[in-house]
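# Summary of the model geometry
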Amino acid sequence: MVSKHGGYCYGVQRALKIACEAARGSEGPVHTLGPIIHNPGVVRELAATGVSSVDSLAGAAGTIIFRTHGVTPQVAAEAEARGLKIVDATCPYVKVAQQKASSLKERRYLPVILGEHEHPEVVALIANAGAGAIVVERAEELDLARVRGKKVGVVVQTTQASANLSALAGRLAPACRELLVYNTICNATRKCQEEALELALLADAVIIIGGRNSANTARLAKLCREVQQRTFHIEEVSELEAGWFEEAGTVAITAGASTPPEQMEEAKRLIATLTV
Ligand code: SF4
C-alpha cells in the first residue's frame with residue numbers, strides 16, 4: 001500500500017519550482033540558505049543545475065533563496081543589506097503561521113509556540129512572536145506558572161501532530177484567563193499523518209522514507225510506530241532489508257514532505273522483490 005498523501009507536499013513542490021526558475025533566470029550565483037529540502041539526492045540534483053546551499057549569508061553572492069521554513073525578519077533584512085537578490089520560497093502556510101505569531105504580539109497575548117526548539121521554522125516564528133514567547137515541544141514541558149491567569153495565544157509549527165496540539169490546548173485552557181488557539185498545522189501534514197496512521201493499522205510493516213534530519217518524517221515514523229512496531233525510517237531505498245518483511249502480508253509505504261514520488265515507487269518495486 002502506497003500512501004496518496006505522503007511525499008512531496010505543496011510547499012516543497014512550489015519551492016523546487018521557484019529554485020529551478022531562479023537558476024534559469026539568473027546570470028550570477030544562486031544559493032539556498034540551508035538545503036532547500038531534507039533530501040540529499042534532490043539537493044545534489046539542484047546543485048548540478050547551479051543552485052548550491054550555503055549555511056550563512058556571509059557565504060552567499062548573487063541570488064539567495066529562502067526555503068519553505070521561512071527566515072526571521074532579521075535575516076531578510078541582512079540579506080537585503082548585503083545587496084543579495086532575494087527569492088522567497090517560504091511556504092504560504094508557514095507565512096500564515098508567522099502572521100498569526102505577529103498578531104499575538106500585537107494583540108498582547110502571551111505567545112506559546114508548539115514546535116521543535118531549534119527548527120528553522122520555529123526560530124522564525126519566535127522572531128515574529130517577539131521576546132517572551134514560550135516554546136514547547138510537548139504539552140508536559142509547559143510550566144503552568146508562566147501562563148496562569150494570563151491571556152495566552154498558541155501558534156503551531158506547521159508539521160506538528162494534531163494530538164500534540166490537543167494535549168497542549170487541554171493543559172492550557174484551565175490555567176489561563178483567556179486562550180486563543182491558531183491551529184496552523186498545514187492540511188498536507190494533517191492528511192499525510194491521518195493516512196499514515198490508517199495504513200499502519202492495516203499493515204504488517206511500515207516503511208517511512210525521508211531525510212534523517214527531517215522533522216516531519218521523524219514525526220510520521222513516531223506516529224506509525226505507536227500502532228505498528230515494525231515501522232522503519234529509511235533515507236535511501238537501498239537501506240531496505242529483507243528481514244523486515246518476514247511473514248509480512250501487507251507493507252505500507254509513506255514518506256515525509258521532502259520525498260519525491262519516484263523514490264516511493266522505487267521502494268514499492270524493491271519491496272515486491274524482497275517479499276516473494
Ligand atoms: S509541510 Fe505544509 S507547511 Fe510545510 S512546506 Fe509542506 S505544505 Fe508547506
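The present account deals with the structure reproduced in this document. (Residues numbered from 1 in each chain as written. Predicted model: local features only at pLDDT ≥ 70, side-chain atom pairs only at ≥ 80, totals over all residues. Heavy atoms only, no water.)

## Quick look at the site of the ligand
Put simply, the rule reads: Throughout, the term near means that a residue has one or more heavy atoms lying within 4 Å of the molecule or strand in question. For this classification, the nonpolar set comprises Ala, Val, Leu, Ile, Met, Phe, Trp, Tyr, Cys and Pro, the charged set comprises Asp, Glu, Lys and Arg, and every other residue, Gly included, is treated as polar. Domain extents, as shown, originate in an automatic or database domain assignment.
Close contacts around the ligand come from Cys-9, Gly-11, Thr-68, Cys-91, Tyr-93, Val-94, Thr-158, Thr-159, Cys-186 and Thr-189, and that covers them all. The class makeup of the residues in the shell around the ligand is five nonpolar, five polar and no charged. Each of two domains, domain 1 (10–91) and domain 2 (93–185), supplies a minimum of three residues to the shell around the ligand.

## Some words on the packing of aromatic side chains
Defined as follows: A pair of Phe, Tyr and Trp rings is counted when the ring centres sit within 6.5 Å of each other, with Trp represented by its six-membered ring. The angle between the planes then sorts it: under 30 degrees is stacked, over 60 is edge-to-face, the rest tilted. Secondary structure counts use DSSP, requiring at least four H or I residues in a row for a helix and at least two E residues in a row for a strand, with both numbered from the N terminus. Here the term buried applies to any residue with accessible area under 20% of the maximum for its type, exposed to any over 50%, and partly exposed to those in between, with areas from a 1.4 Å probe on protein chains only. Only lysine NZ and arginine CZ atoms are considered, and such an atom sits over a ring when it is within 6 Å of the ring centre and within 35 degrees of the ring normal.
Overall, the coordinates contain three aromatic pairs when judged by the stated rule. Measuring from ring centre to ring centre gives 5.9 Å for Tyr-10 and Tyr-93, while their planes differ by 75°; the resulting arrangement is edge-to-face. With Tyr-10 in helix α1 (residues 10–25) and Tyr-93 in helix α4 (residues 92–106), the pair connects residues that are 83 residues apart, well separated along the chain. Judged by relative accessible area, which is 38%, Tyr-93 ranks as partly exposed. With 6.4 Å between their ring centres and 70° between their planes, Trp-244 and Phe-245 make a pair best called edge-to-face. For Trp-244, a relative accessible area of 16% translates into the label buried. Given a relative accessible area of 4%, Phe-245 falls into the buried group. One aromatic cluster is present, built from ring pairs that chain together Phe-232, Trp-244 and Phe-245. Just above the ring of Tyr-109 sits the side chain of Lys-151; from NZ or CZ to the centre is 4.5 Å.

## Observations concerning the pattern of salt bridges
Oppositely charged side chains can form a pair if their charged atoms are brought close together. Note the cut-off: For this analysis, a salt bridge means a side-chain nitrogen from Lys or Arg found within 4 Å of a carboxyl oxygen belonging to Asp or Glu.
Under the counting rule described, the total for this entry stands at nine salt bridges. Between Arg-138 and Glu-141 there is a salt bridge, with its nearest N and O atoms 3.8 Å apart. The class for Arg-138 is partly exposed, based on a relative accessible area of 42%. You can call Glu-141 partly exposed: its relative accessible area is 33%. Here Arg-212 makes a salt bridge to Glu-239, at a shortest N to O gap of 2.4 Å. Here Arg-212, found in the loop between β9 (205–209) and α8 (215–227), pairs with Glu-239, found in the loop between β10 (231–234) and β11 (251–255); they are 27 residues apart in sequence, far enough to count as distant. For Arg-212, a relative accessible area of 49% puts it in the partly exposed group.

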